[in-house]
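This is what each chain is made of:
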Amino acid sequence: MSQEPTHGPGTTRKLAARRRREIVAVLLFGGGPIFESSIPLSVFGIDRQDAGVPRYRLLVCAGEEGPLRTTGGLELTAPYGLEALSRAGTIVVPAWRSITQPPPSAALDALRRAHEEGARIIGLCTGAFVLAAAGLLDGRPATTHWMYAPTLAKRYPAVHVDPRELFVDDGDILTSAGTAAGIDLCLHVVRTDHGAEAAGALARRLVVPPRRGNGGQERYLDRSLPEEIGTDPLAEVVAWALEHLHEQFDVETLAARAYMSRRTFDRRFRSLTGSAPLQWLITQRVLQAQRLLETSDYSVDEVAGRCGFRSPVALRGHFRRQLGASPAAYRAAYRARTGRPEGGGERAPEAHADQAGTESAANCTAHTARPERGERGDRGDRGDRGERADRTERGVRGEHGKPDSDTYTPRLPAQRGRTPGRAP
């Protein structure tokens, strides 16, 4: 999965005469983490013209009265205030101190004014919450740290949150996933402004890859839900679901365990997590399949059964949509990346059975080999037809025989100036 712009640029405004494209303002707040704050300072604030990197002019601005306390109790003093934002062609909000606190209204007003005057606004990690609070993400795709994506979606329902991407470029509004993904987005900005050669030279100086490999931030997702669900009665139902992913059950089963109607359960679950229960359940099954593919030698067919999918076809379709590769291809790439040999993980019980005689051993080998043909078939016509048949976004029935209207992959509405699809 590419981390290039998920959609074509939105409509951009002409930059006001008082603003300069080469000026980058970094907006800092007290309580912000120092790592995220340092990323735009390092990328845009150091003169590397000797390495072929065009120079930006950096303005470090305080979003509130200082001094600004950061990680470890360090105190920062920014040389500029909010008034300096009026000169910048690009404004970066590297982080926000707490997703539960509203940002200062003066800073939000300054960001809105800058956007109206054509400035490019960038939110790194939890900085997306500041952009959302200013209304700049309404009707737009955006991302943030995967751990906070459900909260962002819940608090700002007008934002089309995509937790899969390392960053999202929507023209004059850009957002990144957590922590190190801010480096990816800043390199992308340099690449957009000055070309791949300049971005590559900067990446070499930073000792990072100019483009990270496919996969987005899905590989970092886990079972986490917003903290507020921990004290809710639904927490017990969620815990049960996570412990029984190997079983075939649907959202109606979860609603019944919560003593709610399906409609009430959907509404309650969405209000707590920002996502539909079916979307969440499919995600958990895919994540479980990902773990089994990494740590075991089960065939794809066996992994599908152990993750509650009704068929390998259902697993392949959902796995490909979420992780951008077939299960077999993902396992091969993981083993190549980690050097883990085949046969080094957990095996199916029948592979461990103590059977006597050559015939029994041969039968066992044949039994475990047959699903491998299924894996190879995933790359062929039969697997492709199966995947097409399983595509829920085309209105085909899902793994429980009912329309999968809420799949994991967010479907962003067509918007001004956007062309769906991923850049190579």
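Numbering of residues starts from 1 in each chain and follows the order in which that chain's sequence is written. Thresholds applied to this predicted model are a pLDDT of at least 70 for local features of residues and 80 or more for the giving and counting of side-chain atom pairs; totals over whole chains, interfaces and linings are not thresholded and use all residues. No hydrogens and no water enter the side-chain calculation; it runs on all heavy atoms of the structure.

The name given to the chain in an unreviewed UniProt entry is Helix-turn-helix domain-containing protein, with Streptomyces chitinivorans as the source organism.

Below, the discussion takes up the pattern of salt bridges. In the sections that follow, a salt bridge refers to a side-chain nitrogen of Lys or Arg positioned within 4 Å of a carboxyl oxygen of Asp or Glu. Taken as a whole, this structure holds 14 salt bridges when the rule is applied. Taking the shortest distance from any N to any O, the salt bridge between Arg18 and Glu117 comes out at 2.7 Å. Of this pair, Arg18 sits in the segment before β1 (20–28) while Glu117 sits in the loop between α2 (105–116) and β6 (120–123), and the two are 99 residues apart along the sequence. Between Asp170 and Arg140 there is a salt bridge, with the nearest N and O atoms lying 2.5 Å from each other. Taken together, the positions of Asp170 in the loop between β9 (167–169) and β10 (173–176) and Arg140 in the loop between α3 (127–133) and β7 (141–142) put the pair 30 residues apart, joining distant regions of the chain. Comparing Asp170 with Arg140 shows no difference in burial state: the two are buried. Taken together, the shared-partner salt bridges in this structure form one network comprising Arg18, Arg19 and Glu117. Helix numbering and strand numbering both begin at the N terminus, where a helix is a DSSP run of H or I of at least 4 residues and a strand a DSSP run of E of at least 2. Buried, partly exposed and exposed residues are distinguished by accessible area as a fraction of the type maximum, computed with a 1.4 Å probe on protein chains only: under 20%, between the cut-offs, and over 50%, respectively.

Let us now look at helix α6 (residues 196–206). Helical periodicity: at 3.6 residues per turn, an α-helix aligns residues three or four positions apart in one direction. Every buried residue of α6 is listed here: Ala198, Ala199, Gly200, Ala201, Leu202 and Ala203. Phi turns positive, to about 55°, at Val207, one or two residues after α6.

A separate point is a nonpolar patch on the surface. For patch building, the residue pool is restricted to those with more than 30% relative accessible area and no salt bridge; the joining distance is 9 Å between like charges and 5 Å between nonpolar side chains (Val, Leu, Ile, Met, Phe, Trp, Tyr). To measure how exposed things are, a 1.4 Å probe is used in the Shrake-Rupley method; for residues, cover is taken only from the protein chains shown. Taken together, the side chains of Ile34, Phe35 and Leu74 define a hydrophobic patch exposed on the protein surface, amounting to about 260 Å² of accessible area. You can see Leu74 is positioned in the loop between β3 (68–69) and β4 (75–76).

Here the focus is the packing of aromatic side chains. Here the distance between the centres and the angle between the planes together describe a pair of aromatic rings. In this scheme Phe, Tyr and Trp rings, the latter by its six-membered ring, pair at centre separations within 6.5 Å, and the angle between planes marks the pair as stacked below 30 degrees, edge-to-face above 60, and tilted otherwise. Within this structure, the stated rule accounts for 6 aromatic pairs. By way of ring pairs, the aromatic residues Phe265, Phe269 and Trp280 are connected into one cluster. Charges are assigned to positions over rings by a cutoff of 6 Å between ring centre and Lys NZ or Arg CZ, combined with an angular limit of 35 degrees from the ring normal. Between Arg285 and the ring centre of Phe249, over which it is positioned, the NZ or CZ distance is 4.7 Å. Over the aromatic face of Tyr298 sits the side chain of Arg306, whose NZ or CZ is 3.9 Å from the ring centroid.

What follows concerns unusual backbone geometry. If you check the backbone angles, Cys125 has positive phi at about 55° while not being a glycine. Here Cys125 lies in the loop between β6 and α3. By relative accessible area, Cys125 is classed as buried at 6%. One non-glycine residue, Val207, adopts positive backbone phi at about 55°. Relative to the assigned elements, Val207 resides in the loop between α6 and α7 (234–243).

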